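One-letter residues, chain by chain:
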Amino acid sequence: MSLKVELKPGEKIIIGESLITNDHQRTRLFIEGSAPILREKDILSPATADTPAKRIYLIVQLMYLARNVEKLQDEYFTAINEFILASPSSIGYITDVSKNILSGNLYKALKDARLLIEHERRLIGHVSASGSSLSPDQ
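Residues numbered from 1 in each chain as written. Predicted model: local features only at pLDDT ≥ 70, side-chain atom pairs only at ≥ 80, totals over all residues. Heavy atoms only, no water.

Re the overall build of the chain
Line of reasoning, step 1. Check the secondary structure of the chain and you find four helices and five strands.
Line of reasoning, step 2. Beginning at the N terminus, the succession of helices and strands in the chain can be written as β-β-β-β-β-α-α-α-α.
Line of reasoning, step 3. Relative to its 138 residues, the chain shows a buried fraction of 35%.
Line of reasoning, step 4. Within the chain, counting contacts between residues at least 6 apart in sequence, those at least 24 apart form 49% of the total.
Line of reasoning, step 5. Looking at the chain as shown, the accessible area adds up to about 9000 Å², and 56% of this sits on carbon and sulfur atoms.
Line of reasoning, step 6. In the chain, which carries 17 positive and 17 negative side-chain charges, the distance between the mean positions of the two groups comes to 7 Å. (Helix = DSSP H or I, 4+ residues; strand = E, 2+ residues; numbered from the N terminus. Buried < 20%, exposed > 50% of the residue type's maximum accessible area, 1.4 Å probe, protein only. Contact = heavy atoms within 4.5 Å. Areas by Shrake-Rupley, 256 points an atom, 1.4 Å probe, with all protein chains shown as cover. Lys, Arg positive; Asp, Glu negative; His and termini not counted. Charge placed at Lys NZ, Arg CZ, Asp CG, Glu CD.)

Regarding the sheet that holds strand β3 (residues 18-21)
What holds strands together in a sheet is hydrogen bonding between their backbones, with the strands either parallel or antiparallel.
Line of reasoning, step 1. Strand order in the open sheet formed by three strands is β3-β2-β5, with antiparallel pairing between adjacent strands. Each edge of the open sheet carries a strand with a single partner, namely β3 and β5 (37-39). With direction set aside, neighbouring strand axes in the sheet form an average angle of 20°.
Line of reasoning, step 2. Summarising the sheet, strand β2 (residues 12-15) and β5 pair through three bridges and their orientation is antiparallel. Each residue of the ladder has a partner; that of Ile14, found in β5, is Leu38. (Pairing = 2+ DSSP bridges. Axes fitted to C-alpha atoms, helices over the stretch in contact; angles between N-to-C directions.)

A word on the layout of surface pockets
Line of reasoning, step 1. In this model, the largest pocket occupies a volume close to 190 Å³.
Line of reasoning, step 2. What lines the largest pocket is simply Pro52, Phe83, Ala86, Ser87, Glu120, Leu123, Ile124 and Val127.
Line of reasoning, step 3. Secondary structure elements with two or more residues in the lining of the largest pocket: α2 (69-86) and α4 (106-130).
Line of reasoning, step 4. Taken together, the residues that form the lining of the largest pocket break down as six nonpolar, one polar and one charged. (1 Å grid on protein atoms, 1.4 Å probe; cavity = no way out; pocket = protein on both sides within 12 Å on 5 of 7 lines; lining within 4 Å. Points joined across faces, edges and corners; volume = space filled by probe spheres on them. Nonpolar A, V, L, I, M, F, W, Y, C, P; charged D, E, K, R; others polar.)

Observations regarding the environment of Leu44
Line of reasoning, step 1. Structurally, Leu44 is set in the loop between β5 and α1 (52-66).
Line of reasoning, step 2. Not counting residues up to four positions away in its chain, the partners in contact with Leu44 are Lys54, Tyr57, Leu58, Gln61 and Ile117.

Brief notes about helix α3 (residues 91-102)
Line of reasoning, step 1. Taking 1.5 Å of rise per residue, 12 residues should cover 16 Å, and α3 covers 16 Å from first to last C-alpha, within 8% of that figure.
Line of reasoning, step 2. Within the span of α3, buried status applies to Ile94, Val97, Ser98, Asn100 and Ile101. The buried residues of α3 occupy an angular sector of 165° when projected down its axis, which confines them to one face. In α3, the exposed residues that point more than 90 degrees away from the buried face are Lys99 and Leu102. (Expected span 1.5 Å × (residues − 1). Arc of directions from axis to C-beta.)

Structural data, given as structure tokens:
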């Protein structure tokens, strides 16, 4: 069974190691095979990975696209350990991402990393809304 993907005009998609940009009209693709696929809305670049959770997502994204967990393993463990130290309430999200990486389900790990980004956004929003901040000498 093939995967059906509809692209908007100008929308980008990564299939395997190739970045594909749609022309000026809507396009429907039927993709067969096991190449990693990411739509533009799910792609982070190093420039857009501007929070700790987004950096974790970027690492998992690179694992998924390269199909190579071992190459990025040390970077991943460093990032998640720092994140857990800063936000212990995130351990459940990190556990879900890690379990999927270990089981080889990298696309599901990406989806779980998205949930981690949402959790981080809520935490930041909560801190901002409460007006909590440390003075420079604290």
